[in-house]
Amino acid sequence: MTAQSQPITLVAHLNDIAVFQTRAFNDEPNVLFDDTSTLGQASYGDFNLGLHVSDDPKPVLHNRMQLLSAINEQLKDCHLAPIARLQWVNQVHGNQVHNIDNTTLGMQPIAADAMVSMQDDMGLAIMTADCVPIVMYQPDSRQIAAIHAGWQGLACGVIKQAAKCFDKSLPIMAWMGACISQAHYEVNRQVQDKLLAGCFDHKLLDAARLNEFEHLYSIASEVDVTNDATANTNLADNSQSAEQYLHKNLENLSNYATVNADKIKLNLPQLAADQLTALGIKLKTDLPIDCSYADTRYYSYRRQTHLHQPATGRMALIIVRSRPL
């Protein structure tokens, strides 16, 4: 593929910044589990950007170079100058913020889940495969940030930590990228409890949302009581049965369903949006957004698990700061 044909979408362009979202495939149809051949096999797609997922590093590095080239081609249409580099971090599901401007460029990426910068001619790239990617921009200071917010990051205040690097007296706007939707994010109730405790301890939501946390961000999971135990047992052995089983259970379409008291489904995008609102940050992305799990154009770690794949790739949400041409 040429740089122009890479699976990259311009999400937003404002003043001297642009936001881009990558996908797994260039022309993959927007369907759920349409390719049974991926069962049990690693799914790196056409545009894996992750060096940490056991893929051959050569095509990954090539994809990153192609990404920079494709971004620069699209920046011309935005009347912005090309950028010199993309900045990556080693994401660890915490709340560490890496200030690019105060660090010497090295061979190994810094361990962090957020980046901030006021430099021209560069982009900040956050990799995901279900977690919530967020980028921020403050027009008056021209500062940008990129944030990786899984449930752990949302619990320990990674968004708030990144926002502390901005001038609190000036408005900030944010965009959110493709991530897993509530319909497909089933977890144990302990995750909800840890999220609530984190939001309370770090003052990440207002009192009204804390009091209504379960109602606002979780729904009860359902279990199809007509499940075929044989299909469940042979999930890894029979591709067609596995496909049917996943469709049947993950979509919860059966009329014969009962509540699973041990599981819930969490709305991470809405929680991230409300944490941004609590900080006075304007979210420019309309919810709901593309679901990384349900839309096979994207990478999904949870879909990888359900399809018994040993690995899957990573996509990226990128914010670029440049100079007008």
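Procedures and definitions
Residues numbered from 1 in each chain as written. Predicted model: local features only at pLDDT ≥ 70, side-chain atom pairs only at ≥ 80, totals over all residues. Heavy atoms only, no water. Helix = DSSP H or I, 4+ residues; strand = E, 2+ residues; numbered from the N terminus. Buried < 20%, exposed > 50% of the residue type's maximum accessible area, 1.4 Å probe, protein only. Contact = heavy atoms within 4.5 Å. Areas by Shrake-Rupley, 256 points an atom, 1.4 Å probe, with all protein chains shown as cover. Pairing = 2+ DSSP bridges. Core = buried A, V, L, I, M, F, W, Y, C linked by side-chain atoms within 4.5 Å. Expected span 1.5 Å × (residues − 1). Polar contact = N/O pair within 3.5 Å; in protein donor to acceptor, adjacent residues only side chain to side chain. Axes fitted to C-alpha atoms, helices over the stretch in contact; angles between N-to-C directions. Salt bridge = Lys/Arg side-chain N within 4 Å of Asp/Glu carboxyl O.

### Details of the overall build of the protein
Next, step 1: Of the regular secondary structure elements, the protein holds 10 helices and 14 strands.
Next, step 2: Looking at the 325 residues of the protein, the share that counts as buried comes to 52%.
Next, step 3: Across the protein, the fraction of contacts at a sequence separation of at least 24, relative to all contacts at a separation of at least 6, is 71%.
Next, step 4: Total accessible area on the protein stands at roughly 14,900 Å², and carbon and sulfur atoms take up 50% of it.

### Side note on the pairing of strand 5 (residues 114-117)
Next, step 1: Here strand 5 shows no split at all, with A114 and V116 on one side and M115 and S117 on the other all buried.
Next, step 2: Where strand 5 meets strand 8 (residues 143-149), four bridges bridge the pair, whose relative direction is antiparallel. Its bridge partner being in strand 8, V116 is matched across the sheet by A145.

### Observations concerning the nonpolar core
Next, step 1: I134, M136, I147 and L195 are the most contacted members of the largest nonpolar core, which has 44 residues in total.
Next, step 2: Per element, the largest residue contribution to this core is five residues, and it comes from helix 9 (residues 268-278).
Next, step 3: Judged by nonpolar contacts, the second largest core, of 20 residues, contains A18, F20, I83 and L86.

### So, helix 1 (residues 57-77)
Next, step 1: The end-to-end C-alpha distance of helix 1 is 31 Å, a good match for the 30 Å that 21 residues give at a rise of 1.5 Å each.
Next, step 2: Considered for burial, the residues of helix 1 that qualify are V60, N63, R64, Q66, L67, L68, A70, I71, N72 and L75.
Next, step 3: If you follow the buried residues of helix 1, they end up packed against strand 1 (8-14), strand 2 (17-22), strand 3 (85-87), strand 6 (122-128) and strand 14 (315-321).
Next, step 4: You can read the cap of helix 1 off the contacts: a side-chain oxygen lies 3.1 Å from the backbone nitrogen of K58, and it is on D56.
Next, step 5: Among the residues trailing helix 1, H79 stands out with phi positive, at a value near 60°.

### Comments concerning the sheet that holds strand 5
Next, step 1: What the six strands build is an open sheet, ordered 4-5-8-7-9-13; its pairing is mixed. Edge positions in the sheet fall to strand 4 (97-99) and strand 13 (282-283), since each of these pairs with one other strand and no more.
Next, step 2: Across the face of the sheet, helix 9 comes into contact with strand 7 (132-138), strand 9 (173-176) and strand 13 while running at roughly 25° to strand 7.

### Focus: the pairing of strand 9
Next, step 1: Here strand 9 shows a buried face lined by M173 and W175 and a second buried face lined by A174 and M176.
Next, step 2: Of the strand pairs in this sheet, strand 7 and strand 9 are connected by four bridges, and their pairing is antiparallel. Looking at strand 9, one finds that M136 is bridged to A174.
Next, step 3: Pairing geometry for strand 9 and strand 13, over two bridges, is parallel. Its bridge partner being in strand 13, A174 is matched across the sheet by L283.

### Details of the pattern of salt bridges
Next, step 1: Under the defined criterion, the tally for this structure stands at nine salt bridges.
Next, step 2: With its nearest N and O atoms 2.9 Å apart, the salt bridge here joins D120 to R321. Of the two residues, D120 sits in the loop between strand 5 and strand 6 while R321 sits in strand 14, which places them 201 residues apart along the sequence.
Next, step 3: Judged by its relative accessible area of 26%, D120 falls in the partly exposed class.

By themselves these figures say nothing about function.
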